[in-house]
Each structure stands twice: as C-alpha cells, then as structure tokens.
Amino acid sequence: MNIQTVSSSARAVIGLLVTGSLLAVASAASAVTLKVSIENLAPSNGTLLTPLWVGFHNGDFDIYDRDVSLDLFPGTESLVEDGATQEISDRFTEVGAGTVQGTIFGAEGTNNGPIDVGETATLFFEVDPTLSSSRFFSYASMVIPSNDAFIANGNPTAHPIFDEAGNFIGADFIELGADVLDGGTEVNDELPMNTAFFGQTAPNTGVDENGVVTIHPGFNSVGSGGILDAPQFANADFKAEGYQVARIRVELVEEDVQDVPEPTTVLGMLAVGGAFWLSRRHRENARGL
Ligand SMILES: [Ca+2]
Ligand SMILES: [Ca+2]
Ligand SMILES: [Ca+2]
Ligand SMILES: [Ca+2]
C-alpha cells in the first residue's frame with residue numbers, strides 16, 4: 001500500500017477531530033496503520049455512547065482507579081459527565097506516555113456525534129510498532145444518557161497492541177453492561193437538567209457526588225421518572241442479563257485504506273462540545289413523561 005497516502009489522510013482526519021491535541025506521527029519507514037472501531041451493541045431503545053477517546057502509550061497513562069476519586073485523574077470527570085474529550089486529551093499530552101491519540105465520532109445513525117445503537121464508528125491511526133509509546137491501548141467513552149456512567153480501562157496495560165518486539169497483537173473485546181462504571185463525581189439523579197443527553201444544556205451540570213469510581217449501580221427503577229421511563233430509552237437497563245454495551249477492536253490494516261472517514265464541519269464542531277449537544281430533542285422528550 002501507499003503508506004504516505006494513508007498516513008497523510010489519517011493525520012488530516014485525526015488532526016481535525018481532536019482539536020488542540022498534538023499528534024506525533026512515526027516515520028514512514030517503520031509506521032503501520034491501525035484501524036480502531038467501536039460498535040454499539042445495545043438493543044433498540046438502549047444506551048448510546050459518546051465519541052470514543054483512544055490513546056496509544058507505554059503503559060503509564062491511567063484513566064481511573066477503582067475506589068479512588070477522579071480528582072486524581074484530571075480530564076476523566078469531563079469525559080464521564082459530559083462526553084467531552086478535550087481535557088483527557090490535554091492530560092494525555094502532558095503525561096507524555098504516548099503521542100498518538102484521537103476521538104472517534106459516530107457520524108452515522110440518528111445522532112451525529114454519539115455512537116448510536118447498531119452504529120460502528122471507525123478511525124485510522126499511524127503508529128511506530130518499534131516504539132514503547134505505541135505498545136498499549138486505552139479508551140474511554142461515556143454511556144448516555146446518564147449522570148456519570150462510563151466505560152474505560154482502569155488498567156493501563158490491559159490491552160497490549162504490540163509485544164516487546166513490536167509484533168502486532170491487537171484487541172477485540174466486548175464491554176458488558178455489568179462492567180459499566182460510575183464516575184462517583186455526580187449524583188445519579190437522572191433529572192433531565194442534570195443528565196447528559198437527557199436534557200442537560202451546559203457541561204459540568206449536576207449535583208456533586210464526591211465519591212469514588214465504582215461499578216455502576218444501574219439506572220433508577222422504572223416508575224421513578226428517570227431514564228428508563230423515557231420511551232426512547234425503555235431498553236437502556238444495562239444491568240439486564242446479557243446486556244452488551246460495545247465491541248471495541250484494534251486491527252492492523254494490511255491493505256490500502258480507501259474508506260478513511262472524511263471529516264465534516266459538523267464533526268469538527270462536536271469535538272469541542274460534549275453529550276449535551278443534542279439536549280433539546282431529549283429535553284422535549286423528557287418533558288413528555
Ligand atoms: Ca488505574
Ligand atoms: Ca451517530
Ligand atoms: Ca454517579
Ligand atoms: Ca451532569
């Protein structure tokens with residue numbers, strides 16, 4: 001394949017989508033192209049996901065610890081409450097454990113930006129497999145609608161993409177509803193005004209929880225006037241047996257890449273915002289309860 005063509009396209013896409021973040025690109029001689037994808041496996045009228053943040057690093061970039069406050073992980077709160085990836089992207093740059101990162105938007109489906117039920121969102125990355133800073137993969141996405149529900153790896157070395165010799169390993173795993181986490185930063189009141197993608201109109205809106213990261217207890221029960229009582233989220237109970245949230249894959253691209261997604265103005269704007277961007281529609285729906 002023509003690696004020059006692939007790399008320049010991928011750089012253009014990622015650069016546009018991740019506003020303000022740096023993207024160091026490996027030399028063409030040793031670079032490979034990776035395809036990262038996330039598929040929303042939730043049932044119809046189930047949960048959506050905010051654009052997936054991903055980063056490649058040397059094992060020293062940590063998104064959260066279980067039973068520890070997110071105050072110790074700057075940038076993660078903004079992602080788990082609002083689906084915004086700018087702050088975690090900035091921290092990734094500051095930490096210096098890796099140089100390649102990006103945000104994968106769900107440009108298809110009903111909602112442009114969020115990854116809709118049944119939608120697969122994809123982005124290509126160029127990395128140098130010989131660098132230790134390419135070795136491990138991390139990811140994070142907010143489960144919406146919610147106050148602070150999210151999926152992410154808390155163990156920075158959980159997903160090695162290359163072995164020590166630079167041989168490709170890749171990743172292919174499913175996030176179960178049972179694995180969804182609660183950021184511990186916002187009370188799960190599920191009030192439309194406080195809940196991203198459910199009526200919230202500004203970032204960082206909600207009641208402080210001052211807690212720690214835990215397994216999410218699940219949405220408030222049916223009949224409480226919360227998320228599960230909204231018809232469009234009637235099947236969003238991710239604690240239901242067998243509920244699958246997403247499949248995430250990191251694949252090695254062997255052939256030429258013709259389907260590198262083209263950025264649009266709309267996508268570029270979404271990079272700055274968060275999960276409150278479509279709040280009007282859902283606020284109206286919530287009012288109808
Ligand atoms: Ca951790
Ligand atoms: Ca979408
Ligand atoms: Ca919470
Ligand atoms: Ca909130």
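Remember, it's a predicted structure, so these values are computed and weren't measured experimentally. (Residues numbered from 1 in each chain as written. Chains lettered and ligands numbered in written order. Predicted model: local features only at pLDDT ≥ 70, side-chain atom pairs only at ≥ 80, totals over all residues.)

Student: When you look at the pairing of strand E6 (residues 136-144) in this model, what are you seeing that I'm missing?
Tutor: Moving residue by residue along a regular strand, the side chains alternate between the two faces of the sheet. E6 sits mainly inside the fold: nine of its nine residues count as buried. Burial of E6 is two-sided: the residues Phe136, Ser138, Ala140, Met142 and Ile144 facing one way and the residues Phe137, Tyr139, Ser141 and Val143 facing the other way are all buried. In terms of strand pairing, strand E2 (residues 48-49) meets E6 through two bridges, oriented antiparallel. Paired with Leu49 across the bridge in E6 is Val143. In this structure, strand E3 (residues 52-57) lies alongside E6, joined through five bridges in antiparallel fashion. Counted as the bridge partner of Trp53 is Ala140 from E6. Pairing between E6 and strand E7 (residues 149-152): three bridges, direction antiparallel. By the bridge assignment for E7, Met142 is matched with Phe150. (Buried ≥ 20, exposed ≤ 12 C-beta atoms within 10 Å, placed from the backbone. Helix = DSSP H or I, 4+ residues; strand = E, 2+ residues; numbered from the N terminus. Pairing = 2+ DSSP bridges.)

Student: What's the story with the environment of Ser141 in this structure? I'm lost.
Tutor: Relative to the assigned elements, Ser141 resides in strand E6. For Ser141, a count of 31 C-beta atoms within 10 Å corresponds to the buried category. Remark: the alpha-carbon pair of Ser141 and Thr103, spanning 38 residues in sequence, is separated by 9.6 Å. Not counting the four nearest positions on each side in its chain, Ser141 is found in contact with Leu49, Thr50, Leu52, Trp53, Phe150 and Ile151. (Contact = placed C-beta atoms within 7 Å.)

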